[in-house]
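The residues making up each chain are set out below.
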Amino acid sequence: MTLTSNQNAPEGRSWVVNHFAEREVRDHGSVWAALWDTQNNDMWDRGKPSPALIDLVEQREGLFQPLAADGRRKRALVPGCGRGYDVVMLALHGYDAYGVEISATGVAAAQSYASQELQKPQAYNFGERKSGWAGPGNATFIKGDFFRRDWEPKVLKDGEVLFDIIYDYTFLCALHPDLRWQWAARMAGLLRGDGYLVCLEFPLYKDPALLGPPWGLHGVHWDLLARGGDGVANSGTAPEITETDQLGGRFKRVLYVKPARSYEIGKGTDMLSVYALK
């Protein structure tokens, strides 16, 4: 049986929503892994890297140059990377990119995809640039639970496990709301002091009160990262733009735009946000 997202199901209750509703939150990781093992993983597979992320790294060179001032190649992380489209794209743009996936089956699929794509990249990996200006970096895939630390030794470099870019698209919206504060804390702990957390906010069209996954995220990123909330109680309230420095969150938002290109499933509502540590 292959699952597909069903946005028109009554009150958002698709098969996958009911499937997760029957499980304890602590078991959700193993449920995602099981969906890979039973070939029910394609409901979130977009078939290509994020056009919004491609445009961001190509058009905002001041923020996203893949080489640091000291010449080192910057590192990027994609939690819940799936088949690895965005990891490979970032590697092709010059980053040493890492994907963490809870499923061994998923990691194998990503490695297979990367071995072919890095040798002969398809055009969808690039926007106007058509190639990475710093030369390709490496794409590494790791089986692990993002919230645990047992995968970190595999990415240890120069005595630290920190990344210059962390990208989230459908990872946060796949998590039960009870885990959102852990997501924010983990992001803060893995991001370099001068790095950026990039979020393609999706789905913003879905009522946050409806069950997921995917869970509606309208206002959730701001509440978690800038306001310092739990991503649930006050996520729908307006952000305090003029009081950002006085808010309790560990992040400040440095960019918030509607991308010119994104996936059609976002229904034209996707927003791209970039956060930095305070």
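Residues numbered from 1 in each chain as written. Predicted model: local features only at pLDDT ≥ 70, side-chain atom pairs only at ≥ 80, totals over all residues. Heavy atoms only, no water.

Identification of the chain as S-adenosyl-L-methionine-dependent methyltransferase from Aspergillus leporis is taken from an unreviewed UniProt entry.

**Q** Explanation requested: the overall build of the chain in the structure shown.
**A** Per the secondary structure count, the chain includes eight helices and seven strands. In terms of overall dimensions, the chain has C-alpha extents of about 50 × 50 × 35 Å along its principal axes. Residues counted as buried form 52% of the 278 residues belonging to the chain. Taking contacts inside the chain between residues at least 6 apart in sequence as the whole, the part at least 24 apart equals 71%. Just so you have it, the chain exposes about 12900 Å², and 48% of that area is on carbon and sulfur atoms. Averaging the locations of the 31 positively and 34 negatively charged side chains of the chain gives two centres separated by 2 Å. (Helix = DSSP H or I, 4+ residues; strand = E, 2+ residues; numbered from the N terminus. Buried < 20%, exposed > 50% of the residue type's maximum accessible area, 1.4 Å probe, protein only. Contact = heavy atoms within 4.5 Å. Areas by Shrake-Rupley, 256 points an atom, 1.4 Å probe, with all protein chains shown as cover. Lys, Arg positive; Asp, Glu negative; His and termini not counted. Charge placed at Lys NZ, Arg CZ, Asp CG, Glu CD.)

**Q** Which parts of the structure should I look at to understand the pattern of salt bridges?
**A** Opposite charge on two side chains permits them to pair, given that their charged atoms come into close proximity. All chains considered together, the criterion is met by 11 salt bridges. Note that Asp-164 and Arg-192 form a salt bridge whose closest N and O atoms lie 3.3 Å from each other. Highlighted residues: Asp-164 in strand β4 (residues 163-168) and Arg-192 in strand β5 (residues 191-201), separated in sequence by 28 residues. Residue class for Asp-164 comes out buried when judged on its relative accessible area of 5%. Where Glu-240 meets Arg-227, a salt bridge forms, and the shortest distance between an N and an O atom there is 3.1 Å. (Salt bridge = Lys/Arg side-chain N within 4 Å of Asp/Glu carboxyl O.)

**Q** What is the right way to look at the packing of helix α3 (residues 51-59) against helix α5 (residues 85-92) in this model?
**A** Each packed pair of helices is defined by two parameters, the angle between the axes and the distance between the axes. One can describe the packing of α3 onto α5 by two numbers: an axis separation of 11 Å at closest approach and a directional angle of 20 degrees. With respect to their mutual orientation, α3 and α5 come out roughly parallel. Note that α3 runs across α5; the crossing there is right-handed. Here Leu-53, Ile-54 and Val-57 of α3 lie close against α5, whose contacting residues are Asp-86, Met-89 and Leu-90. Class assignment for the residues of the contact of α3 with α5 results in five nonpolar, no polar and one charged. (Axes fitted to C-alpha atoms, helices over the stretch in contact; angles between N-to-C directions. Parallel < 35°, antiparallel > 145°, perpendicular 65-115°, else oblique. Left-handed = near helix turned anticlockwise from the far one by under 90°. Nonpolar A, V, L, I, M, F, W, Y, C, P; charged D, E, K, R; others polar.)

**Q** In this structure, what is going on with the state of the cysteines? I would like to understand it.
**A** In protein structure, a disulfide is the covalent linkage between the sulfur atoms of two cysteines. Taken as a whole, this structure holds zero disulfides when the rule is applied. Free cysteine: Cys-81, not disulfide-bonded; nearest cysteine sulfur from Cys-173 at 15 Å. For Cys-81, a relative accessible area of 11% gives the class buried. Here Cys-199 stays unpaired: no disulfide links it, and the sulfur of Cys-173, its closest cysteine neighbor, is 11 Å away. (Disulfide = S-S within 2.5 Å.)

**Q** Can you help me understand α5 in this one?
**A** Since there are 3.6 residues in each turn of an α-helix, residues three or four apart along the chain are aligned in direction. Among the eight residues in α5, eight count as buried, and that is most of the element. Looking at α5, one finds that the buried residues are Tyr-85, Asp-86, Val-87, Val-88, Met-89, Leu-90, Ala-91 and Leu-92. Where α5 is buried, its residues contact α3, β1 (75-79), β2 (96-101), α6 (104-117), β3 (139-143) and β4. Gly-94 sits one or two residues past α5 and shows a positive phi near 110 degrees.

**Q** Got a minute to help me understand the pairing of β4 in this structure?
**A** Consecutive residues of a regular strand have side chains that alternate between opposite faces of the sheet. Taking burial as the measure, the six residues of β4 include six buried ones, the bulk of the element. Direction of pairing for β1 relative to β4: parallel, over a ladder of two bridges. Bridge pairing links Leu-77 to Ile-166 in β4. Each parallel crossover has a hand, and for β4 linked through helix α7 (residues 180-190) to β5 it is right-handed. (Pairing = 2+ DSSP bridges. Right-handed = clockwise from strand over helix to strand, strands pointing away.)

**Q** I keep staring at unusual backbone geometry and nothing clicks. Help me out?
**A** Glycine aside, the phi torsion of most residues is negative, and most peptide linkages are trans. Of note, the bond from Phe-202 into Pro-203 is cis; its omega dihedral lies within 30 degrees of zero at -10 degrees. Along the polypeptide, Pro-203 turns up in the loop between β5 and α8 (220-227). With an omega dihedral of 5 degrees, the bond running from Gly-212 to Pro-213 counts as a cis peptide bond. Tracing the sequence through the fold places Pro-213 in the loop between β5 and α8. Residue Asp-158 is not a glycine yet carries a positive backbone phi of 55 degrees.

**Q** Looking at this structure, I do not really get the packing of aromatic side chains. What am I missing?
**A** For any pair of aromatic rings, the description consists of the separation of the ring centres together with the inter-plane angle of the planes. On inspection of all chains with the given rule, the structure shows 10 aromatic pairs. Taking the centre distance of 5.5 Å and the plane angle of 45 degrees together, the rings of Tyr-169 and Phe-202 count as tilted. Of this pair, Tyr-169 sits in the loop between β4 and α7 while Phe-202 sits in the loop between β5 and α8, placing them 33 residues apart in sequence. A relative accessible area of 7% means that Tyr-169 is categorised as buried. When its relative accessible area of 2% is taken as the criterion, Phe-202 is described as buried. Chaining the aromatic ring pairs together yields one cluster made of Tyr-169, Phe-202, Tyr-205 and Tyr-263. Against the face of Tyr-256 rests Arg-253, its NZ or CZ located 3.9 Å from the ring centre. (Phe/Tyr/Trp six-rings, centres within 6.5 Å; stacked < 30°, edge-to-face > 60°. Lys NZ or Arg CZ within 6 Å of the ring centre and 35° of its normal.)

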